[in-house]
Amino acid sequence: MAVIEAIDLRRTYRTTTGVVRRRPLEVEAVKGVWFAVERGELFGLLGPNGAGKTTTIKMLITLLLPTGGQARVLGHDVVAEPREVRRRIGYVFGGDRGLYERLSALDNLRYFAELYGVSGRGQRRRVDEVLELVGLKGRERERVEGYSRGMRQRLHIARGILHDPEVVFLDEPTIGVDPVGARELRALMANLIATGKTVLLTTHYMFEADELCDRIAVIASGEIVGQGTPAQLKAGVADGRVTEIEVFGIGDAALERVRGVSGVTAVTVEDRDQRQLLVVQSAGDRELTHELLGHLDGASVGRVATREPTLEDAYVALVTR
Amino acid sequence: MTTLRLIRTGFVINLKMVGTSSFFLLTSTVQPVIFATIAFYMFRSGGRPGTLLYAALGAGMMGIWSTTLFASGGMIQWQRWQGTLELGVAAPPPLTLVYLPWSLANTFLGAYALAATLVWGRVLFGVPLHLAHPWLFALALPSALLALGLFGLLLGSSFILYRHANALANLLEYPVWIASGLIFSLSVLPGWSRPISWALPPYWAARALRDAAIGGPVWGPLGMTFALGAASVVAATLSLGWFEHRARARATLSLT
Amino acid sequence: MSGLERWFRVFLVGGVIAYRGLFNWIRPEIYIPTMLGSPLFQIVFFAKLGQYAGAEDTSFYVVGNAVQVCAMASVYGMTMAIANERWFGTLGPLLATPANRAAVFLGRGIPVLANGLIVSAFGFAVGVAVLGFRPGWATVPPLAVVVVATACSCTAFGMLLGSIGLRAKDFWFAANLTYFLMLLLCGVNVPLDVLPGWMSAISRCLPLTHGILAAREVAAGASLDSVGGLVWTELGIGACYATAAYGLFRVLERESRRAAVLDSY
């Protein structure tokens, strides 16, 4: 039995538009999402901002009611049995909010331990364990208001696993954390799997998903556009190549021509200070460099390189389709 | 048993958080003290005998109501701003149980107001602090605070549903002081307002405290205070349940 | 346009727009409880307390509190108009404009003043409708003059508080404290001769005090001439506060440009 199941999960928001005459507007944030997570997996929900990752995860952890479809965690329906679900899961989210600033980390943990029924002598032991695990031992008596973002994140994780839940949901846990801190957090997340838990992670960092996840579902504009292991997703673009061309000032017309070249599957432009990096994915083994350069008339060109596709390219191909 | 533990832990934690805030200490004592001073001068020049203790108690209870109204009433809204409301909903216990300790702690801290007005009255105006039934007072005070804390939870659970809760909260300060007869007798109010007064927990709490301090039947008012407190918890549970459902349906749990 | 014209435009138009930009109060669901509801119950509270205590008669409390609520609308309104600039971070952009500072902030005062008058009128109406206050129609014009003068000096006081609020930490506590102190010290509910000497000395330096004294006499039937001295004193005190506020604001502005703390909160 799958530990987490999303079955045609949907979420529509109703808002209003216009200032003088309010017209109702329906925004479909999640448009029918299907996936299943097996026990012991580290499953990644990968997508750009606004794709619907947070909405999906909130439906799974009972904070948001789906407007269609179903979801089950450990066999319990998230709408009909929220209490059962809440008891068995841990929820960790990124950002600065969500902790009692004027309290110490220790007090925050004690409070949540109580809420999750971790009490008695076992509580002190468990709180200690968890502090040790996330590397906050020695700083637990300081007030949270003085913590860095990385420390807060670690405290969030500590809070999320206090009651030793079977399933842990992590919503963009490394957002805004410095690279070193983020690496430590990722080691922590991998560790959770080692202790037998099942983890669902949302992120928009592909390298993070690639590094950590057993399987990934790529979500864009509320729909799953690709699912599989990182290797499988890469295989989707494996028999192609990526050509990277540094340009200085490329116009839209030239871009259109590049897109039109036969064999080209995706074109993205990254801004790098004064230059732009044109990344062209193409299927098959054909060398396209000359043809592409031919379409860039007028624009100055810098370095040109070709390489194998990475997961990032697979991701870009999926979300820009 | 775990329920009591949860309440106790939450209570102590919140006490720690709010009670150590110098801002809170100042605002919860300065306002009652100034009102007490106004009342002392008014009673003194009015020549009503034996009313200075009455005024001190009254001003203290006005402070307790203000704390209940603003601190407990704003408490769930505050959780939302802190980003911890989601965590409260995601936790296994029902919302009532999660936020009850917070409300209780806030209201208990209102006792600072009462202490301040009594001390102020004694030191600066020579208010005699002789209590008619000291033991009953010692029982009545925490009981009254408990019942008002329960009522504060109801306020908090109602305010979170209303977008302009702050304006509403401001509007309930003076009227409840008036209708509860905290610092003057209901005899100066028109007869039709009595039922309103009888429905207010602060009215009964004030009567219980006053009777214990100055003399009168304490048990009746205390009983009514508890009855209304119990009713508040029931109403709060319904209100919170409604709020949670709506917030989950409309995704407003984490809005600021 | 001429310099004077420009001054007036900044003063009037800028003031009203900025007021609406910074306040949510125009919406009825906020305006009614805050600006009308609270004063109503404040007046009733003190009138009933006074009745119970047997201290002064009802009209004493009605006049005192009806004028005080106008004062509070002016003080809070002005304080917020200035201090909120800091909160919203609009102070920097505002000071970057070439607009004359006095015009800008005095302009903010107009809507605040108007609001104060509405609130006060409402307060008196409450006294008439609910508490049996019957001053007679002839007292209305002179009473209005007294209230306007008081509102002006309280607005000036609010300007000073607002200027302080631009830099001070935990400023709101001080602003709230002012409300309570005015209730105690300005003769709103306690006659000045009942207060100890040092308190009534402070009272005489605060806005509102002389205005209330004048208002009570006028409500009892005195002519405007006979309270002229009190009214001018009230306006004089207001002028002092306005000058201090302006001076403080310029000092703060200069210092913050030097120390770059304008946008720090």
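Before going into details, it helps to say that this report is about the structure given with it.

### Thoughts on the overall build of chain A
1) Next: The number of helices and strands found in chain A is 11 helices and 14 strands.
2) Next: Dimensions of chain A, computed from C-alpha atoms along their principal axes, come out at roughly 75 × 50 × 45 Å.
3) Next: Residues classed as buried in chain A amount to 52% of the 321 residues present.
4) Next: Accessible surface, chain A as shown: approximately 14400 Å² in total, 48% of it carbon and sulfur.
5) Next: Both charge centroids of chain A, one from 44 positive and one from 45 negative side chains, sit 7 Å from each other.

### Topic: the sheet that holds strand β11 (residues 240-248) of chain A
Residue and element names in this part refer to chain A.
1) Next: Within the open sheet, the four strands sit side by side as β12-β13-β11-β14. Their pairing is antiparallel. Of all strands in the sheet, those bounded by a partner on one side alone are β12 (264-272) and β14 (300-307). Across the sheet, the mean angle from the axis of one strand to that of its neighbour is 15°, orientation sign disregarded.
2) Next: Note: β11 against strand β13 (residues 275-283), eight bridges, orientation antiparallel. The partner of T243 across the bridge, within β13, is V280.
3) Next: The sheet contacts of helix α9 (residues 252-260) involve β12 and β13, and relative to β12 the element is tilted by about 150°.
4) Next: Strands β11, β12, β13 and β14 of the sheet are contacted by helix α11 (residues 311-319), whose axis makes an angle of about 80° with β13.

### Notes on the environment of L60 of chain A
All names here are of chain A.
1) Next: With respect to the helices and strands, L60 occurs in helix α1 (residues 53-60).
2) Next: For the pair L60 and V79, spaced 19 residues apart in sequence, the C-alpha to C-alpha distance is 9.2 Å.
3) Next: If near-sequence neighbours (up to four positions away) are discounted, L60 is found in contact with I4, E5, L9, F35, A71, V73, V78, V85, F169 and L200.

### Considering the nonpolar core
1) Next: Counting residues in hydrophobic clusters, the biggest one holds 238 residues, and the most contacted among them are F35 and F169 of chain A, F43 of chain B together with F45 of chain C.
2) Next: Ignoring any residue separated from it by four or fewer positions in sequence, one finds F45 of chain C in contact with M62, Y174, W177, I178, I183 and F184 of chain B.
3) Next: If you look at the next biggest cluster of nonpolar residues, it comprises 14 residues, including I250, A254, V261 and V280 of chain A.

### Section: the interface of chain C and chain B
1) Next: Counting residues at the interface gives 34 residues for chain C and 32 residues for chain B.
2) Next: Counting each side, the surface lost to burial between chain C and chain B is near 3100 Å², with a carbon and sulfur contribution of 79%.
3) Next: Three residues, F45, Y52 and F173 of chain C, lead the burial of chain C against chain B; their summed loss comes to 26% of the area buried on that side.
4) Next: Our enumeration of links across chain C and chain B arrives at zero salt bridges.
5) Next: Taken together, the connections running from chain C to chain B amount to two residue pairs in polar contact (both at pLDDT 80 or more).
6) Next: Those elements that provide at least two residues to the side of chain C that touches chain B are α2 (28-53) and α7 (171-185) of chain C.
7) Next: Split into classes, the residues belonging to the side of chain C that touches chain B amount to 23 nonpolar, eight polar and three charged.

### Things to note about the sheet that holds strand β9 (residues 215-220) of chain A
Residue and element names in this part refer to chain A.
1) Next: Taken together, the six strands give an open sheet; going across it, the order is β6-β7-β8-β3-β9-β10, and neighbouring strands pair in mixed fashion. Both outer strands of the open sheet, β6 (89-93) and β10 (223-228), are each paired with one neighbouring strand and no more. Averaged over all neighbouring strand pairs, the angle between strand axes comes to 15°, with direction disregarded.
2) Next: Note that β9 and β10 share five bridges and pair antiparallel. Bridging from a neighbouring strand, A220 pairs with E223 of β10.

### Quick look at a nonpolar patch on the surface
1) Next: On the surface, V119, W120, V123 and L124 of chain B cluster together into a nonpolar patch covering about 390 Å² of accessible area.
2) Next: Among the secondary structure elements, L124 of chain B is positioned in helix α7 (residues 111-125).

### Topic: the environment of V279 of chain A
Residues and elements named next belong to chain A.
1) Next: As for its placement among the helices and strands, V279 is situated in strand β13.
2) Next: Looking at V279, the relative accessible area reads 5%, which means it is buried.
3) Next: A C-alpha to C-alpha distance of 41 Å links V279 and L133, two positions 146 residues apart in sequence.
4) Next: Sequence-distant contacts of V279, that is, excluding residues within four places in its chain, are made with V242, T243, E244, A266, V267, T268, E270, R307 and D313.

### Describing the interface of chain B and chain A
1) Next: If you look at the interface, chain B gives 37 residues, while chain A gives 33 residues.
2) Next: In terms of surface lost to chain A, no three residues of chain B exceed L87, P92 and R248 of chain B, which account for 25% of the buried area on that side.
3) Next: Where chain B packs against chain A, one counts four salt bridges.
4) Next: A salt bridge links E86 of chain B to K58 of chain A; the shortest N-O distance between them is 2.6 Å.
5) Next: One can count 16 residue pairs in polar contact (both at pLDDT 80 or more) joining chain B with chain A.
6) Next: Those elements that provide at least two residues to the side of chain B that touches chain A are α1 (2-19), α4 (75-82), α5 (85-90), α6 (95-109) and α13 (219-250) of chain B.
7) Next: The greatest single-element share of the side of chain B that touches chain A, amounting to nine residues, is contributed by α1 of chain B.
8) Next: Residues that form the side of chain B that touches chain A fall into these classes: 18 nonpolar, 12 polar and seven charged.

### A look at unusual backbone geometry
1) Next: One non-glycine residue, D164 of chain A, lies in the positive phi region at around 50°.
2) Next: Relative to the helices and strands, D164 of chain A resides in the loop between α5 (149-161) and β7 (167-171).
3) Next: Of note, L208 of chain C is a non-glycine position whose phi angle comes to about 85°, a positive value.
4) Next: Mapping L208 of chain C onto the fold places it in the loop between α8 (197-205) and α9 (209-219).
5) Next: The exposure class of L208 of chain C is buried, given its relative accessible area of 0%.

### Focus: the packing of aromatic side chains
1) Next: Inspection of every chain in the model, using the stated rule, returns 32 aromatic pairs over all chains.
2) Next: Between F40 of chain B and F125 of chain B, the ring centres sit 4.6 Å apart and the planes meet at 45°, which makes this aromatic pair tilted. In this pair, F40 of chain B is assigned in helix α2 (residues 22-46) and F125 of chain B in helix α7, connecting sequence segments 85 residues apart.
3) Next: Assessed through its relative accessible area of 0%, F40 of chain B is described here as buried.
4) Next: In this structure F125 of chain B comes out as buried when scored by relative accessible area, which is 11%.
5) Next: Taking NZ or CZ as reference, R159 of chain A lies 5.4 Å from the ring centre of F112 of chain A, over its face.

### Some words on the pairing of β13 of chain A
Residues and elements named next belong to chain A.
1) Next: Summarising burial for β13: seven of the nine residues are buried, a large majority.
2) Next: Pairing between β12 and β13: eight bridges, direction antiparallel. Looking at β13, one finds that D271 is bridged to Q276.
3) Next: The antiparallel pairing of β12 with β13 creates a hairpin that spans two residues between the two strands, and D273 there sits at a positive phi of about 50°.

Calculation rules
Residues numbered from 1 in each chain as written. Chains lettered and ligands numbered in written order. Predicted model: local features only at pLDDT ≥ 70, side-chain atom pairs only at ≥ 80, totals over all residues. Heavy atoms only, no water. Helix = DSSP H or I, 4+ residues; strand = E, 2+ residues; numbered from the N terminus. Buried < 20%, exposed > 50% of the residue type's maximum accessible area, 1.4 Å probe, protein only. Areas by Shrake-Rupley, 256 points an atom, 1.4 Å probe, with all protein chains shown as cover. Lys, Arg positive; Asp, Glu negative; His and termini not counted. Charge placed at Lys NZ, Arg CZ, Asp CG, Glu CD. Pairing = 2+ DSSP bridges. Axes fitted to C-alpha atoms, helices over the stretch in contact; angles between N-to-C directions. Contact = heavy atoms within 4.5 Å. Core = buried A, V, L, I, M, F, W, Y, C linked by side-chain atoms within 4.5 Å. Buried area = accessible area lost by both parts, 1.4 Å probe. Salt bridge = Lys/Arg side-chain N within 4 Å of Asp/Glu carboxyl O. Polar contact = N/O pair within 3.5 Å; in protein donor to acceptor, adjacent residues only side chain to side chain. Nonpolar A, V, L, I, M, F, W, Y, C, P; charged D, E, K, R; others polar. Patch = residues over 30% accessible without salt bridge, like charges linked within 9 Å, V, L, I, M, F, W, Y side chains within 5 Å. Phe/Tyr/Trp six-rings, centres within 6.5 Å; stacked < 30°, edge-to-face > 60°. Lys NZ or Arg CZ within 6 Å of the ring centre and 35° of its normal.

So yeah, pure geometry; function would need other evidence.
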